[in-house]
Amino acid sequence: MRLSYPANVKIILVPCTGKVDVMHLLQAIQRGADGVYCVGCLEGTCHYNQGNLRCRERVERVREILQEIGLEPDRVRMYNLSSGEAPTFVAYAREMTELIRRLGPNPLKHSKPSIRLEEAA
Amino acid sequence: MIVAKRKPFEEILQMIAGHRKVLIAGCGTCVAVCLAGGEKEVAVLAAEIDMARRLKNQPIELGQTTLERQCDREYLAQLDDRAASYEAIVSLACGVGIQFLAERFPTIPVYPGVDTCGLAVNQDVGWYEERCRSCGRCVLDRTGGICPVTLCAKGLYNGPCGGTNRGFCEIDPEQPCAWYAIYERLKGQGRLERIRAITPVQEWRDTVPRTLLQPGYRKPEKAKS
Ligand code: SF4
Ligand code: SF4
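What counts, and where the lines are drawn
Residues numbered from 1 in each chain as written. Chains lettered and ligands numbered in written order. Predicted model: local features only at pLDDT ≥ 70, side-chain atom pairs only at ≥ 80, totals over all residues. Heavy atoms only, no water. Near = heavy atom within 4 Å. Nonpolar A, V, L, I, M, F, W, Y, C, P; charged D, E, K, R; others polar. Core = buried A, V, L, I, M, F, W, Y, C linked by side-chain atoms within 4.5 Å. Buried < 20%, exposed > 50% of the residue type's maximum accessible area, 1.4 Å probe, protein only. Helix = DSSP H or I, 4+ residues; strand = E, 2+ residues; numbered from the N terminus. Contact = heavy atoms within 4.5 Å. Salt bridge = Lys/Arg side-chain N within 4 Å of Asp/Glu carboxyl O. Pairing = 2+ DSSP bridges.

(A) Spatial organisation of the site of ligand 1. Taken together, B:Ile2, B:Cys27, B:Thr29, B:Cys30, B:Val31, B:Arg69, B:Gln70, B:Cys71, B:Ala93, B:Cys94 and B:Gly97 form the complete shell of residues around ligand 1. Residue composition of the shell around ligand 1, grouped by class: seven nonpolar, three polar and one charged.

(B) Structural view of the nonpolar core. Within the largest apolar cluster, 50 residues are counted, with the highest numbers of intra-cluster contacts made by A:Leu26, B:Ile24, B:Ile49 and B:Val90. Element by element, the count of residues in this core is highest for helix H3 (residues 39–55) of chain B, at nine residues. Among residues more than four places away in sequence, those in contact with B:Ile24 are B:Val42, B:Leu45, B:Ala46, B:Ile49, B:Leu62, B:Gly63, B:Gln64, B:Thr65, B:Val90 and B:Leu92. Ranked by size, the runner-up nonpolar core spans 15 residues in total, among them B:Leu67, B:Tyr86, B:Phe100 and B:Phe105.

(C) Fine view of the interface of chain B and chain A. The interface is formed by 23 residues belonging to chain B together with 24 residues belonging to chain A. Linking chain B with chain A are two salt bridges. For B:Arg82, the salt bridge goes to A:Glu118, with nearest N and O atoms at 3.2 Å. At the level of secondary structure, the elements contributing two or more residues to the side of chain B that touches chain A comprise H3 and strand E3 (61–67) of chain B.

(D) Highlighting the environment of B:Leu213. Position of B:Leu213 among the secondary structure elements: in the segment after helix H7 (178–188). When sequence neighbours within four positions are dropped, the list of residues in contact with B:Leu213 reads B:Arg218 and B:Lys219.

(E) A look at the pairing of E3(B). For E3(B), the tally of buried residues reaches five of seven residues, placing the bulk of the element in the interior. Pairing of strand E3 (residues 115–117) of chain A with E3(B), which is carried by three bridges, proceeds in the parallel orientation. The residue bridging A:Leu117 from the neighbouring strand is B:Gln64, located in E3(B). As paired strands, strand E2 (residues 21–27) of chain B and E3(B) are joined by seven bridges and run parallel to one another. Directly across from B:Gly26, in E3(B), lies its bridge partner B:Thr66.

(F) Layout of the site of ligand 2. Taken together, B:Cys132, B:Arg133, B:Ser134, B:Cys135, B:Cys138, B:Val139, B:Leu140, B:Cys147 and B:Val149 make up the full set of residues adjacent to ligand 2. Residues of the shell around ligand 2, tallied by class, amount to seven nonpolar, one polar and one charged.

(G) Examining the pairing of strand E6 (residues 114–124) of chain B more closely. All names here are of chain B. As defined by bridge partners, strand E1 (residues 2–6) adjoins E6 across five bridges and the pair is classed as antiparallel. Residue Arg6 lies in a different strand from E6, and its bridge partner there is Val114. Inspection of the sheet shows E6 paired to strand E7 (residues 127–132) by five bridges, in the antiparallel sense. Paired with Asn122 across the strands is Tyr128, a residue of E7. A loop of two residues connects E6 with E7, the two strands running antiparallel in sequence, and Gly126 in this loop sits at a positive phi of about 80°.

Interpretation in functional terms is not warranted from these geometric data alone.
Printed below as a string of structure tokens:
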């Protein structure tokens, strides 16, 4: 089955959504992405038992952080589907794209972070 | 280990409101284990501050670092050549580390990024329970290894009090009574007579800043820098 999804969605593969870290999501927004969403397996079907549940918790944490700093929490979301459900994948991509269109561009796009790593000498 | 809790973001933002170049300094030991002030928490805080300040149109330059320990001079010294290039430092170490860092760089404001909450055990990832208040005179030998200073709501050395209620404390039906637990533990060990021994009151009035010198060690003439 070949289906097309909105071209603005860039896919980043991870072995399991449990690999997704708070910092991955935050950095995407920090560097100007308009939105990020994680698509994990259905709850209860994770091959590693907890991966998608952990991811959901991290997504929740990032949403709280966005709220705190004054950005819309909905820029970061979690979706679940089974790997056989291509049409659902497309539906989620469209839903997210529409949602982000309504929120408008990420205001952080126009400036760059200035953070220096001070290595302990 | 020493446990701490990240301060609310708004509070940290307020502390550094007037600054345009700030170093976020984590500690790689206790506070890293309890997920409050290690490398990862430093990165998250830096990202939060960066975004919040850019959104307010008050961009800030940030540095991030995580020292092995902030309660040891040899690690603090790693910042000697750079600290002065920052207007302020936010430390995510425990209160001990924050103070030692502030003492090392007395001309730079050092702000606490965490609230230090005590000496605790690791019950699970992210879940810690206090067990010791470092009273300086341990009585665990007579209390079956259960600390009454920390776990009894009144910190009684000789308990229980009249408020003990079927294993729970009068302050809260969910709060176990430490002295009930002590009784049960000693009974199980056949050492119930220990509970009769009266422990003299702690001389809290002597609670001045304490120092500790281990046997076989000498105090240096003058604190080294
Ligand atoms: S400064 Fe020292 S005591 Fe404090 S958290 Fe770091 S290692 Fe632990
Ligand atoms: S009696 Fe309690 S507070 Fe005092 S040193 Fe022992 S465990 Fe810590």
